[in-house]
Amino acid sequence: MDNVTDVTVSPCSDSAYIKPLRVFYKQNGVSKTWDAVKSHDSVCILLFNKSTESFVFVKQFRPAIYIQKSELQKHEDHWKIDTGKYPGELGITYELCAGIVDKDKNLDVIAQEEILEECGFQVPLEKLQRITSYRSGVGTNGALQTIFYAEVTGEMRVTEGGGNHHEGELIDVVEVPVKESRRLILDDENVTKPVGLMFALLWFYENKHGACST
Ligand SMILES: O=c1ccn([C@@H]2O[C@H](COP(=O)(O)OP(=O)(O)O[C@H]3O[C@H](CO)[C@@H](O)[C@H](O)[C@H]3O)[C@@H](O)[C@H]2O)c(=O)[nH]1
Ligand SMILES: [Mg+2]
């Protein structure tokens, strides 16, 4: 998964996923501009496997994280990244199972499909608990992310997960015992992760921890 080579970066104006835009406006009569990205909303799910008393996370290579941690070298109209100096592992993250809202379906249905596709569990809709929603960014991208919680068991696992291979998704499913996960909230800054994962764990320890035996 971290065997990333031949990295080239170019400007982007015709994406199916994002729209980089420049906003012109007046605030209290003063002219201003702001550069922002319009993108899909998303869902994510904290999955707790009761059979193993572990959280089910996904690990994947994230180009956005990788370019942020690397140095872009200009070559005419594009950039290159030296993968000898900046190896692919820089872009590997631990995340909640998550997916973009790019279909006209209810959020819980999208979450259910994402759990099956990425983690291999068949979860009935009534087992999905909506926790809350929040803006995933405020400076450049204000998309809405809705977070769910679901408890699963070994019997609910129907595939190995791993993402949609037709779309080229390459996802490792990792289970981290509840006992070891607390360090992901504050202590382990070397694990690259989104704030939603940290929030979800705090929510679990605050609201659910008494429900399991650890
Ligand atoms: O530029 C792109 C963007 C997406 N894809 C494809 O689209 C899929 C999208 O996957 P999906 O699982 O639906 O969404 P995520 O990439 O997991 O992103 C969601 O989950 C992330 C983790 O919470 C959030 O940061 C994002 O905002 C949210 O959209 C990818 O796997 C690719 O197959 C591309 O090929 N190129
Ligand atoms: Mg995803």
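Keep in mind the model is a prediction, meaning the values are calculated, not measured.

When four donors bind a metal tetrahedrally, each ideal donor-metal-donor angle is 109.5 degrees, and when six bind octahedrally, the ideal angles are 90 or 180 degrees. Taken together, Ala98 (O) and Glu118 (OE) make up the full set of protein donors to the magnesium ion (ligand 2), lying 2.1 to 2.2 Å away. Residue Ala98 is located in strand S9 (residues 97–100), and its partner Glu118 is located in helix H2 (residues 107–119); the two are separated by 20 residues in the primary sequence. Across the pair, exposure class does not vary: Ala98 and Glu118 are buried alike.

The strand order across the open sheet formed by three strands is S1-S7-S6, and the pairing between neighbours is antiparallel. On the outer flanks of this sheet lie strand S1 (8–9) and strand S6 (73–75), each paired with one strand and no other. Pairing analysis gives three bridges linking S6 to strand S7 (residues 78–80), with the strands arranged antiparallel. Paired with His75 across the strands is His78, a residue of S7.

The next point concerns unusual backbone geometry. Of note in this structure, Asp6 is not a glycine but carries a positive phi near 55°. Secondary-structure assignment places Asp6 in the segment before S1.

Side chains of nonpolar character tend, in soluble globular proteins, to be buried together. Within the largest apolar cluster, 22 residues are counted, with the highest numbers of intra-cluster contacts made by Leu46, Phe55, Phe57, Leu96, Leu201 and Phe204. Elements supplying a minimum of two residues to this core: strand S4 (42–49), strand S5 (54–61), strand S11 (144–152), strand S12 (172–177) and helix H4 (195–207). For this core, the element with the highest residue contribution is H4, accounting for six residues. With sequence-adjacent residues up to four places away left out, Phe57 is seen in contact with Leu46, Tyr94, Glu95, Leu96, Asp172, Val173, Val174, Val176, Ser181, Leu184, Leu197 and Leu201. Of all hydrophobic cores here, the second largest spans 19 residues; its members include Val58, Cys97, Phe121 and Ile171.

To continue, consider the site of ligand 1. Around ligand 1, the structure places Tyr17, Ser42, Arg62, Glu95, Ala98, Gly99, Ile100, Glu114, Glu118, Gln145, Glu167 and Glu169. Within the contact set of ligand 1, an oxygen atom lies 3.3 Å away from a side-chain nitrogen or oxygen of Glu114. Here an oxygen atom of ligand 1 sits 3.0 Å away from a polar atom, N or O, in the side chain of Gln145. Contact with the protein chains covers 65% of the free accessible surface of ligand 1, which is 720 Å². Elements with a minimum of two residues in the shell around ligand 1: S9 and H2. Here the residues of the shell around ligand 1 are counted per class, giving three nonpolar, three polar and six charged.

Rules used throughout
Residues numbered from 1 in each chain as written. Chains lettered and ligands numbered in written order. Predicted model: local features only at pLDDT ≥ 70, side-chain atom pairs only at ≥ 80, totals over all residues. Heavy atoms only, no water. Donors = N, O, S within 2.8 Å, 3.2 Å for Na, K, Ca; no water. Helix = DSSP H or I, 4+ residues; strand = E, 2+ residues; numbered from the N terminus. Buried < 20%, exposed > 50% of the residue type's maximum accessible area, 1.4 Å probe, protein only. Pairing = 2+ DSSP bridges. Core = buried A, V, L, I, M, F, W, Y, C linked by side-chain atoms within 4.5 Å. Contact = heavy atoms within 4.5 Å. Near = heavy atom within 4 Å. Polar contact = N/O pair within 3.5 Å; in protein donor to acceptor, adjacent residues only side chain to side chain. Areas by Shrake-Rupley, 256 points an atom, 1.4 Å probe, with all protein chains shown as cover. Nonpolar A, V, L, I, M, F, W, Y, C, P; charged D, E, K, R; others polar.

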